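One letter stands for each residue in the lines below.
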Amino acid sequence: MINTVQIQSVGQVAGKPAGELQTGDITVWNFGYTHTVARIVRETKAQVIVEFESGWQKRMAKTRLVAVA
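Nothing here was measured: the structure is a model prediction, and the numbers come from that model.

Here we come to the pairing of strand 5 (residues 47-52). Consecutive side chains along a regular strand alternate between the two faces of the sheet. Extensive coverage of strand 5 is indicated by the burial of five of its six residues. Remark: three residues form the turn of the hairpin made by strand 4 (residues 34-43) and strand 5, two consecutive strands paired antiparallel. With five bridges connecting them, strand 5 and strand 6 (residues 57-61) associate as antiparallel partners. Within strand 6, the position partnered with valine 48 by the bridge is methionine 60. Where strand 5 folds back onto strand 6 in an antiparallel hairpin, the turn is made up of four residues, including glycine 55, whose phi is positive at roughly 95°.

Here we come to the sheet that holds strand 6. Reading across from one edge, 3-4-5-6 is the order of the four strands in this open sheet, with antiparallel pairing throughout. Every interior strand has two partners, whereas the edge strands, strand 3 (26-28) and strand 6, have only one. Across this sheet, the average inter-strand angle for adjacent strands is 50°, counted without regard to direction. Sheet topology note: the strand 4/strand 5 ladder contains five bridges and is antiparallel. Its bridge partner lying in strand 5, valine 37 is registered against phenylalanine 52.

What counts, and where the lines are drawn
Residues numbered from 1 in each chain as written. Predicted model: local features only at pLDDT ≥ 70, side-chain atom pairs only at ≥ 80, totals over all residues. Heavy atoms only, no water. Buried < 20%, exposed > 50% of the residue type's maximum accessible area, 1.4 Å probe, protein only. Helix = DSSP H or I, 4+ residues; strand = E, 2+ residues; numbered from the N terminus. Pairing = 2+ DSSP bridges. Axes fitted to C-alpha atoms, helices over the stretch in contact; angles between N-to-C directions.

Geometric descriptors of this kind do not, in isolation, establish any biological role.
Structural data, given as structure tokens:
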């Protein structure tokens, strides 16, 4: 089964759980904006904090599907 995420103004995009993101992964957000994962800041049992190359950080549940390019 292929995991997909509906991205606004883009459509269906392949996705993977936030807990599986790795440095260098390119994520896709609404309107086609992309961000490259710079590092995993912190990881708990249920959540992960990801820092992107732009300096932006995002806290997500490990099970959340994130669109990847």
